[in-house]
Amino acid sequence: MKKFIQFEIPLSGLKEGTHQFDFQITKDFFDQFESGLITDGNLDVGVEFTKHSNVSSFKFEINGLVDAECDRCLEHYNQTIEATRTVLLKYSDNPREEADVIYILPNTVAFNLANYIYEFICLAMPMRKVHPELEDGTSGCNPETTKFLSNENAEKDTGSIWDQLNKLNIN
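The following refers to the structure shown.

What counts and how
Residues numbered from 1 in each chain as written. Predicted model: local features only at pLDDT ≥ 70, side-chain atom pairs only at ≥ 80, totals over all residues. Heavy atoms only, no water. Helix = DSSP H or I, 4+ residues; strand = E, 2+ residues; numbered from the N terminus. Buried < 20%, exposed > 50% of the residue type's maximum accessible area, 1.4 Å probe, protein only. Contact = heavy atoms within 4.5 Å. Areas by Shrake-Rupley, 256 points an atom, 1.4 Å probe, with all protein chains shown as cover. Lys, Arg positive; Asp, Glu negative; His and termini not counted. Charge placed at Lys NZ, Arg CZ, Asp CG, Glu CD. Salt bridge = Lys/Arg side-chain N within 4 Å of Asp/Glu carboxyl O. Phe/Tyr/Trp six-rings, centres within 6.5 Å; stacked < 30°, edge-to-face > 60°. Lys NZ or Arg CZ within 6 Å of the ring centre and 35° of its normal. Patch = residues over 30% accessible without salt bridge, like charges linked within 9 Å, V, L, I, M, F, W, Y side chains within 5 Å. Pairing = 2+ DSSP bridges.

## Focus: the overall build of the protein chain
The helix and strand tally for the protein chain stands at four helices and eight strands. Expressed along its principal axes, the backbone C-alpha trace of the protein chain runs to roughly 80 × 50 × 30 Å. Relative to its 171 residues, the protein chain shows a buried fraction of 33%. Put simply, of all contacts in the protein chain between residues at least 6 apart along the chain, 57% involve residues at least 24 apart. Of the roughly 11500 Å² of accessible surface on the protein chain, a fraction of 50% belongs to carbon and sulfur atoms. Charge separation in the protein chain, taken as the distance between the mean sites of 15 positive and 28 negative side-chain charges, equals 5 Å.

Next up, the structure:
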């Protein structure tokens, strides 16, 4: 059985013009990517495919939540994902990818979007993943962990290391 067959867009059977495809992304989708950055989520992906004779385009609208691990307290939380990306599809005898342009062979029958959807979701993740703030403006992180981290930083006395080194008489 071929992976991600439901994400294949039939290029040869569609007439020129705009076509809409909608996908629901869940844990089953993320499980197909080994050692992936994201392991769970619930996202809606809308793809607007505009077909022309020599160039086509895919406009991806991605909205939903993914399971993320907080960089501060290491607990999991729901990270909101909202992304819009556009990719051009051109026909060429030399298949390749360049930035947001994908060159495919002119006789290509179908095009699979699964890897692009996964990549765009990963790119929409923030660089620093932390719990969102609560309504009262306080951190959404685990209070015990933040208390531990703040106590650990307060107890460090960086001057004591230098004081002990200064006491050494090396001549």
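## A word on the pattern of salt bridges
This model, assessed by the stated rule, comprises four salt bridges. One salt bridge connects D100 with R85, and the closest N-O pair in it is separated by 3.6 Å. A residue pair is termed long-range when its members are at least 10 positions apart, and D100 in the loop between β6 (96-98) and β7 (101-104) and R85 in strand β5 (residues 76-91) qualify at 15 residues. Between R96 and E98 there is a salt bridge, with the nearest N and O atoms lying 2.9 Å from each other. Residue class for R96 comes out partly exposed when judged on its relative accessible area of 29%.

## Examining the packing of aromatic side chains
Taken as a whole and judged by the stated rule, the model has 14 aromatic pairs. Three or more aromatic residues link up through ring pairs in this structure, and these residues are F4, F7, F23, F29, F30, F33 and Y118. The positively charged end of R96 is found above the aromatic ring belonging to Y103, 4.0 Å away from the centroid.

## Here's the deal with a nonpolar patch on the surface
The grouping of I161, W162, L165, L168 and I170 at the surface amounts to a nonpolar patch, some 600 Å² of accessible area in total. Considering the arrangement of structural elements, one finds L168 in the segment after α4 (158-167). For L168, a relative accessible area of 54% gives the class exposed.

## Describing the pairing of strand β4 (residues 55-69)
Pairing of strand β3 (residues 41-51) with β4 involves ten bridges; the strand directions are antiparallel. When the bridges of β4 are listed, D44 appears paired with N63. What sits between β3 and β4 in their antiparallel hairpin is a turn of three residues. Strand direction decides the pairing type here: β4 and β5, joined by 15 bridges, are antiparallel. Following the sheet pairing, F58 is matched in β5 by V87.

These values are about where atoms sit, not about what they do.
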